[in-house]
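The residues making up each chain are set out below.
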Amino acid sequence: MSVDIVVGTQWGDEGKGKIIDILAKNYDYIVRFNGGNNAGHTIKVGDKKFGLHLIPSAVFYPEKFKVIGNGVVIHPETLLEEIKKVEEAGYSTEKLRISERAHIILDWHIMLDGIEAQKKIGTTKRGIGPVYADKATRVTAIRIFDLYDNLKNKVDFISKIKKQVIGSYGQPINFDIDDLYNKLNQFAEKIKPYVVDTQILLNEAIDKKKNILLEGAQGTMLDVDHGTYPYVTSSNIVSGAACIGTGIPPNKINKIIGIAKAYTTRVGEGPFPTELNDENGKKLREQGKEFGTTTNRPRRCGWLDLVVLRYACRINGITELVLTKIDVLDYFEEIIVCTEYKINGKKTTEMPINSEKAEPIYKTFKGWGKADWAKGIPKEAKEYMKFIEKETRIKISILSYGPKRDETLFLK
Ligand code: IMP
């Protein structure tokens, strides 16, 4: 029996979807614990390709429970579309479960995200910040449970407040209360078979010695407490959040698997010390197809940052690393990695609270050229990997060299 966590160690988009899809075969429950449809991953099996934002990455395993935990925020239309898409592709959603404690993203959250945060932070405009803010205020939030408990009164009360807030920004109010209420009622009806107290489901599964995989969204540097605040998302991302977002206690956790891309990307605004605004950056974006799954924005690209990775390994308690997209580095004569920062003339190996002024100190490795990864790891790539292991003091257990399931090497 094992309860394991998968987290991103950088700024998201580390290729978690593919890895979770592969690992899922060993688990009975795959659980999302944070974020909402700001996340997105593409999973490829044979000719089939799936872009998902909310339903856990195990759609290709109908027999497994796919659980949306209490820490997730749910956009009704997105969830309904995903259920439809999965069913139309011939996969059952019978084993989907949704926490009655999860919060719901409503039209006003999306409007407010556009008004308040989008410009400064470069959010995905999915209403994530405003919905988590409402969760914290406790007064203006609607949870899945509320869909079945006095919904009309709640919608009426909250919508009056939201109209005032949106009006105070001088913005038009593009929602109709009756429409919204009807939409939510239909949503409630459709998802009713899936709604449970997921904490009970999961802890009972632990008692029955089932295997559970807790699937994190985004990456450590986007964590609202530990990331590059304020250029972060509005939820906790680190492994600790997996317990909060599911109701599974910390003493039940076994492995904490960190996913790291062999280089670095980030979308949206915020500091990114190893960013490359040159031909190499362009090459990483093109070879790595670095365009957002959710917003299609070109991702900012740069070299691997070991200050970030060591920090992520520490605060997540990573027990093993998965290195992804190593094949993208086939196209570089030299592979460069940041080992330390220089800030105001002083060297540091620690992640500072503000990395805006951090100048990366680099170490250069010899490239390996076009590799036949299925046949083995080139000597130079082994050196690169060994250095990462030495610096993080964590073993790389899986190497991913393409989007397909079989483009993967298991190293132990
Ligand atoms: P929000 O989560 O939409 O509020 O966006 C806040 C920041 O997190 C922005 O810089 C987004 O681009 C980034 N972000 C949110 N979700 C993801 C993700 O799944 N991958 C990468 N970046 C993300």
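Residues numbered from 1 in each chain as written. Predicted model: local features only at pLDDT ≥ 70, side-chain atom pairs only at ≥ 80, totals over all residues. Heavy atoms only, no water.

**Observations regarding the pattern of salt bridges**
Reasoning step 1: For the structure on display, the rule yields 22 salt bridges.
Reasoning step 2: Here the salt bridges share partners, and the residues they tie into one network are Asp13, Lys261, Glu290, Arg299 and Lys325. (Salt bridge = Lys/Arg side-chain N within 4 Å of Asp/Glu carboxyl O.)

**Observations concerning the site of the ligand**
Reasoning step 1: Inspection of the region around the ligand gives 16 residues, with Asp13, Asn38, Thr124, Thr233 and Arg297 positioned closest.
Reasoning step 2: Between the ligand and threonine 124 there is a distance of 2.5 Å, counted from an oxygen atom to a side-chain nitrogen or oxygen.
Reasoning step 3: Within the backbone of valine 267, an N or O atom sits 3.1 Å from an oxygen atom of the ligand.
Reasoning step 4: When isolated, the ligand has an accessible area of 470 Å², and the protein chains bury 97% of it.
Reasoning step 5: Residues of the shell around the ligand, tallied by class, amount to seven nonpolar, seven polar and two charged. (Near = heavy atom within 4 Å. Polar contact = N/O pair within 3.5 Å; in protein donor to acceptor, adjacent residues only side chain to side chain. Areas by Shrake-Rupley, 256 points an atom, 1.4 Å probe, with all protein chains shown as cover. Nonpolar A, V, L, I, M, F, W, Y, C, P; charged D, E, K, R; others polar.)

**Considering the pairing of strand β5 (residues 65-68)**
In summary, the side chains of a regular strand alternate between the two faces of the sheet.
Reasoning step 1: Residues Phe65 and Val67 of β5 are buried on one face, and the alternating residues Lys66 and Ile68, pointing to the opposite face, are buried as well.
Reasoning step 2: Pairing of strand β2 (residues 29-32) with β5, which is carried by four bridges, proceeds in the parallel orientation. Opposite arginine 32, over in β5, you have isoleucine 68 as the bridge partner.
Reasoning step 3: Relative to strand β7 (residues 96-99), β5 runs parallel, the two sharing three bridges. (Buried < 20%, exposed > 50% of the residue type's maximum accessible area, 1.4 Å probe, protein only. Helix = DSSP H or I, 4+ residues; strand = E, 2+ residues; numbered from the N terminus. Pairing = 2+ DSSP bridges.)

**Some details on the domain arrangement of the protein**
Reasoning step 1: When its domains are assigned, the protein resolves into domain 1 (103-191) and domain 2 (260-410).
Reasoning step 2: Relative to domain 2, the C-alpha centre of domain 1 lies at a distance of 38 Å.
Reasoning step 3: Counting residues at the interface gives seven residues for domain 1, matched by five residues for domain 2.
Reasoning step 4: Summing both partners gives a buried area of about 380 Å² for domain 1 against domain 2, and 46% of it is carried by carbon and sulfur.
Reasoning step 5: The largest per-residue losses of area from domain 1 upon contact with domain 2 belong to Gly122, Thr124 and Arg126, which jointly make up 68% of the total buried on that side. (Domains from an automatic or database assignment. Contact = heavy atoms within 4.5 Å. Buried area = accessible area lost by both parts, 1.4 Å probe.)

**Things to note about the state of the cysteines**
Reasoning step 1: Summed over all chains, the structure comprises zero disulfides.
Reasoning step 2: Counting only cysteine sulfurs, cysteine 313 is the nearest neighbor of cysteine 243, a cysteine outside any disulfide, at a range of 18 Å.
Reasoning step 3: Here cysteine 338 is not disulfide-linked; the sulfur of cysteine 313 is the nearest cysteine sulfur, at 15 Å. (Disulfide = S-S within 2.5 Å.)

**Concerning the packing of helix α6 (residues 151-168) against helix α7 (residues 177-191)**
Reasoning step 1: At their nearest, the axes of α6 and α7 sit 10 Å apart, and the two run at 135° to each other. Taken as axis vectors, α6 and α7 run oblique relative to one another. Between α6 and α7 lies a crossing whose hand is right-handed. Along its contact with α6, which presents Leu151, Lys152, Val155, Asp156, Ser159 and Lys163, the element α7 presents Ile177, Asp178, Leu180, Tyr181, Leu184 and Asn185.
Reasoning step 2: In the contact of α6 with α7, the residues fall into six nonpolar, two polar and four charged. (Axes fitted to C-alpha atoms, helices over the stretch in contact; angles between N-to-C directions. Parallel < 35°, antiparallel > 145°, perpendicular 65-115°, else oblique. Left-handed = near helix turned anticlockwise from the far one by under 90°.)

**Observations concerning the environment of alanine 205**
Reasoning step 1: Following the sequence through the fold, alanine 205 ends up in helix α8 (residues 198-207).
Reasoning step 2: Since its relative accessible area comes to 1%, alanine 205 is described here as buried.
Reasoning step 3: With 170 residues separating them along the chain, alanine 205 and glycine 35 place their C-alpha atoms 23 Å apart.
Reasoning step 4: Those residues in contact with alanine 205 that sit more than four places away from it in its chain are Tyr29, Lys210 and Ile212.

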